[in-house]
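One-letter residues, chain by chain:
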Amino acid sequence: MRTLRALVAAALLCLVPAVSAHAAADRTYSAYSAADVTYDFEDGTTQGWGPRGEGVSVTVTGAAAHGGTSGLLTAGRTATWHGASIDAPFVRGVGYTVTAYARLVSGQPSSTIALTVQRTPAGGDTTYERVAAATVTDGGWVRLSGNYQFTAESTGVQLYAESSDATGRFYLDDIVITPLGDPTREPISSDFEDGTAQDWAPRAAATLESSTAAAHAGSRALAVGGRSASWDGPALNVLGRMAKGDKYALSVWVRLGPDTASGRLGLAIERRSGGTPSYERVVSPKDVPAGEWVRLSGTYTLAYDVDFLSLYVESDSGTFPFYLDDFSMTYVQPKPIQTDIPALKDKVPFVMGSAFTRPDTLGVHGELLARHFNGVTPGNELKWDATEPREGEFTFADGDYLVDFATRHGMTIRGHTLAWHSQTPDWVFQNADKELLLKRLETHVRTLVTRYKGKIAAWDVVNEVVDENQPDGLRRSKWYEIAGLDFIRTAFRVAHEADPAAKLFINDYNTEFPRKREALYALVKRLKDEGVPIDGVGHQLHLNIEHPPASDVEATIERFATLGVDQQITELDVSIYTDFVSSYDTIPPELLVQQGHRYKELFDVFRRQAAKLSSVTVWGESDDVSWLRSWPIPRLNAPLPFDDELQAKPAYWGIVDPSRLAPSVRRLEAPAGTPKVDGRRDLEWDLLPDSPIARVGDVSAGFQARSSAKGLYLLAEVTDPTAGKDDRVTFTVDGTPYVVGRRGGLSGQATGGQGAGPSGGVTGGQGGGPKAAVRQTATGYRVEALVGTGTDVNVTVHDSSGEAVWNGKVTPAAAIKLTSAAHRAPVLDGIVDRAWSAAPEIRTGTWIQGASGATAKVRSLWSGSTLYVLAQISDPTLSEESPNPWEQDSVEIFVDPGNGKTKGYEDDDGQYRVSFSGRVTVGGTFDASGVKDHVKAATRAVPGGYVVEAAIDLPTITLARGTLLGFDIQVNDATGTARTSAVTWNDSTGRSYLDTSHWGVLRLAQG
């Protein structure tokens, strides 16, 4: 930074004469000087500095100096604002860095010395603006440093030094005023190697000190202690250093302080306009493990005119000490948007929308938004906390701004959202009975909808009111607990009264999952039958690159079409992650290609269903503004059609022109198995779900493989309701095609041109060669085949309407373990009673940590809606010393009621952990809210180990003979505070806590 500044100054000196400190003090600047202005007092004069306040003296002295032999002494003060001042060499519109060194006269108590600017704006009152401040003692020189810029025409501009001690005497020296060519383009960095806080200041009571106790790089970092609140800590004034509409990259390294075992830290911005503060997170608080440096990095775009701007590090809770080091803030030069590619809105048969905020309307983001989208949804600006933070006090500045922007650009506007369980201020529910709550709701809804009548075309009237895990399918929010369904009825009624022309939607997530779909369907049907004015259903569609299949999305659209409602995709994005904890430093390019094909599949669905869809909205226009950068954890994610630099990605081409996509190479495991090739779907295939082959035209399919010494067993379940003479499936393995017609027969290179038979059945297989079988099904036909071995596999389902294709790598894997549960109920008391003798026993033997240690013998029973699990653990030494439950001696029971084998958890998938002492902990999706109350356990110590009996309620499915559950067991063995081994029954990946795809299978039986 210093080198760059010197080069800029040197270049500008060729154009602008340098002005000495004395000259600067003697006259008003009429031209901008790029030279530093320095006051070092080495010539024996005050160099223009004079007393501020009656009785104050300002003199040059040799008694103390920071550099050289002289400093400036200020004495005779009787008020805090008394001190030394100078007519400031500041030019309107130019940014400056101001540094100085201060020290108290010997014997003076410590005090705060500050540099302040006094000026009088034209037509306004005199203002006083703090530039820099620090706690100063008589023990050494302390650096004061800050940035300053003013933009309003002003007179009487003075820079002065003052003290919190009204009578304190102090020295000043080496005062340097450095003009910045364009302060909004100058980088800022802090490494604290000079022994100072380098312009960082506490927000409240925090203490800041350059310390050698820890450092990310070099030998020093900023030690932060004495914090009074989670938001208290180090702050950096960046007013004048960020330009409205510009984007900045921010980065800082943090580490926990002494005696702090855990904590979460984040980076935030405080801005003020007209004295009103607002707070924005740049990096949400993230875990900082003890003893490790963690980088907080993100980008920020200033979208407002401000009179205060500060960035700061905060914790999500607590006041623990921490270290900060190697901070940087750099301007991000935007790339021009691409103008030689088609606009998204011109390539789809419905409104193409984007969620947006104020920064998205500025600069290249605004250009991208206007070019590609003809619909918008304000992301937060119309929610209750933004529009009515206090009862009756409505704030519409941000909402009006976004609505006006959209109106000017001819965009359709969705209002989001009128009633929601989240982001609703506490006052709404305080002391509220049903009558008062509905009155508050009516006032709020009527006010918003009336204000934007004729401008906002559609409203999300109620948002996320369904909970499929409840018996009646309704979320137990405060709205529901106080007012029942009447809050929904009231919101829709009032919104319709306020603007009869607006389309009114009920909006929710996970509507593509069957249980959520049916719960929402039942609610909408009930309300419509009552006459509630619901016009449409919004499907959020926060998806990932693998799950759920596009066919589930299509099934949802078709299901709600039977209600005669409009439908909109309201919050679409496609995460590159399939779980909630993984993170990439750099996203593999093949994932972006896979994401492009995922967008292609989804927009194929949307185009087919265009008569039932009026709008598709992506939740943000480009990856840099996605909420998935901070949720569910801070991590690099890229879920949208345009990248961080607003350039088109494979996701864009998946929407606009899929022919531009690189081929997708999918991956599939082929567990060991030998299913019978007869066209019947036997149990072997049911152990796994089919890998979907997305629909093209009227044809789609699911695909599986099994590996064996004989070759690859392949299955294709084809959905094709209309039989045609060209219907066929081609399996191509390592370049060799095997063609199976819908009517039967096997042909292809590997069979020497064997012809297809006239009807279904088993064909081929002579001499142990390839063979195939076909059987008609209610929705199409099923193909089974045994072909040659190989890893490169292509499955093409042919039909007169098109071809559905799966292409990828198939790799052999261990067989899927299968066990069964007998139908009876034990007594849950930790004693192995007779009921357990009816169940077969399995043993853990798949080591995922270590090669020996505690193991378990396991049996399962079922009755009603409950699964019972017995684990008899051999473990002579037991420990719960670790604070982490997975590092204690314990058993983990994994249950997937749908046997979905997904690379992540669905809402009813559970990880149930029981320690040897009976302590129960539960894992699953997010906070495991759907399953955390579904387990009970009893434990008992026995010689050489312990016994666990667990009862797990499974209310999301109907348990019956033949039901298949995803199932696994893990035994954790602890020694002291560490886990020394872990063993499972089936899953060898060590990812059972994240991923259900490698669990074994439990089949419910009679007994």
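The structure displayed is predicted, hence computed values, not measured ones.

**Quick notes on the sheet that holds strand β18 (residues 264–273)**
Spatially, five strands are ordered β13-β16-β21-β18-β19 in an open sheet, and the strand pairing comes out antiparallel. The sheet terminates laterally at β13 (200–202) and β19 (276–287), the two strands that pair on one side only. This sheet shows a mean twist of 25° between the axes of neighbouring strands, independent of strand direction. Across nine bridges, the pairing between β18 and β19 is antiparallel. The residue bridging Arg 271 from the neighbouring strand is Ser 278, located in β19.

**Regarding the sheet that holds strand β43 (residues 802–813)**
Taking strand neighbours across the sheet as the criterion, the six strands line up as β32-β43-β42-β36-β37-β38 in an open arrangement whose pairing is mixed. Where the open sheet ends on each side, the last strands, each with one partner, are β32 (666–671) and β38 (746–747). Direction of pairing for strand β36 (residues 728–733) relative to strand β37 (residues 736–741): antiparallel, over a ladder of six bridges. Across the sheet, Val 729 pairs through a bridge with Val 740, a residue of β37.

**Observations concerning the pairing of strand β26 (residues 458–463)**
Counting buried residues along β26, six of its six residues qualify, which places the element largely inside the surrounding structure. Sheet topology places strand β25 (residues 412–420) next to β26; five bridges connect them, and they run parallel. Counted as the bridge partner of Ala 419 is Val 462 from β26. Pairing analysis gives five bridges linking β26 to strand β27 (residues 503–508), with the strands arranged parallel.

**Thoughts on unusual backbone geometry**
Both trends apply: most residues other than glycine have a negative phi, and most peptide bonds are in trans. Cis geometry marks the peptide bond from His 416 to Thr 417; its omega dihedral reads 0°. Note on placement: Thr 417 falls in strand β25. Cis geometry is adopted by the peptide bond preceding Pro 632, which originates at Trp 631 and carries an omega value of 0°. Of note, Pro 632 is situated in the loop between β31 (613–618) and α12 (650–656). Unusually for a residue other than glycine, Gln 47 sits at a positive phi of about 50°. Tracing the backbone shows Gln 47 in the loop between β1 (37–39) and β2 (50–52). Exposure remark for Gln 47: the relative accessible area of 5% places this residue in the buried category.

**Concerning the side chain of Arg 77**
Considering the arrangement of structural elements, one finds Arg 77 in the loop between β4 (71–75) and β5 (83–87). Here Arg 77 is buried and forms no salt bridge, its nearest opposite-charge partner Asp 165 lying at an N-O distance of 5.5 Å. A polar atom in the side chain of Arg 77 sits 3.2 Å from the backbone oxygen of Ala 79. A polar side-chain atom of Arg 77 sits 2.9 Å from the main-chain carbonyl oxygen of Gly 168.

**Describing the environment of Ala 343**
Take Ala 343: it is sitting in the loop between β22 (322–331) and β23 (351–356). In the structure, Ala 343 is positioned 254 residues away from Pro 89 in sequence and 51 Å away in space, judged by C-alpha atoms. Each residue touching Ala 343, except ones within four places of it in the same chain, is listed here: Arg 371 and His 372.

**Things to note about the packing of helix α10 (residues 550–561) against helix α11 (residues 589–608)**
As a packed pair, α10 and α11 sit with axes 9 Å apart at the nearest point and diverge in direction by 20°. Relative to α11, α10 is oriented roughly parallel. As α10 packs across α11, the resulting crossing turns out to be right-handed. For the pair α10 and α11, contact is made by Ala 550, Val 553, Glu 554 and Ile 557 and by Arg 598, Glu 601, Leu 602, Val 605, Phe 606 and Arg 608, respectively. A class-by-class count of the residues in the contact of α10 with α11 yields six nonpolar, no polar and four charged.

**Some words on the nonpolar core**
With 100 residues, the main nonpolar core has Trp 459, Val 462, Phe 487, Ile 506, Leu 572, Phe 603 and Phe 606 as its most contacted residues. Looking at this core element by element, the count peaks at seven residues for helix α8 (residues 486–498). For Phe 487, the residues in contact, after removing those within four places along its chain, are Ala 419, Leu 438, Leu 441, Val 462, Val 465, Trp 479 and Tyr 480. Core analysis: the second largest hydrophobic core is formed by 35 residues, Trp 49, Leu 159, Phe 170 and Leu 172 among them.

**Some points on the packing of aromatic side chains**
On inspection of all chains with the given rule, the structure shows 27 aromatic pairs. Relative to Phe 150, the ring of Tyr 148 has its centre 6.2 Å away and its plane inclined at 35°; by these criteria the two rings are tilted. What makes Phe 150 buried here is its relative accessible area of 4%. Between the NZ or CZ atom of Arg 185 and the centre of the ring of Tyr 331, over which it lies, the distance is 3.9 Å. Of note, Arg 227 hangs over the ring of Phe 320, and the distance from its end group to the ring centre comes to 5.5 Å.

Rules behind the numbers
- Residues numbered from 1 in each chain as written.
- Predicted model: local features only at pLDDT ≥ 70, side-chain atom pairs only at ≥ 80, totals over all residues.
- Heavy atoms only, no water.
- Pairing = 2+ DSSP bridges.
- Helix = DSSP H or I, 4+ residues; strand = E, 2+ residues; numbered from the N terminus.
- Axes fitted to C-alpha atoms, helices over the stretch in contact; angles between N-to-C directions.
- Buried < 20%, exposed > 50% of the residue type's maximum accessible area, 1.4 Å probe, protein only.
- Lys, Arg positive; Asp, Glu negative; His and termini not counted.
- Salt bridge = Lys/Arg side-chain N within 4 Å of Asp/Glu carboxyl O.
- Polar contact = N/O pair within 3.5 Å; in protein donor to acceptor, adjacent residues only side chain to side chain.
- Contact = heavy atoms within 4.5 Å.
- Parallel < 35°, antiparallel > 145°, perpendicular 65-115°, else oblique.
- Left-handed = near helix turned anticlockwise from the far one by under 90°.
- Nonpolar A, V, L, I, M, F, W, Y, C, P; charged D, E, K, R; others polar.
- Core = buried A, V, L, I, M, F, W, Y, C linked by side-chain atoms within 4.5 Å.
- Phe/Tyr/Trp six-rings, centres within 6.5 Å; stacked < 30°, edge-to-face > 60°.
- Lys NZ or Arg CZ within 6 Å of the ring centre and 35° of its normal.

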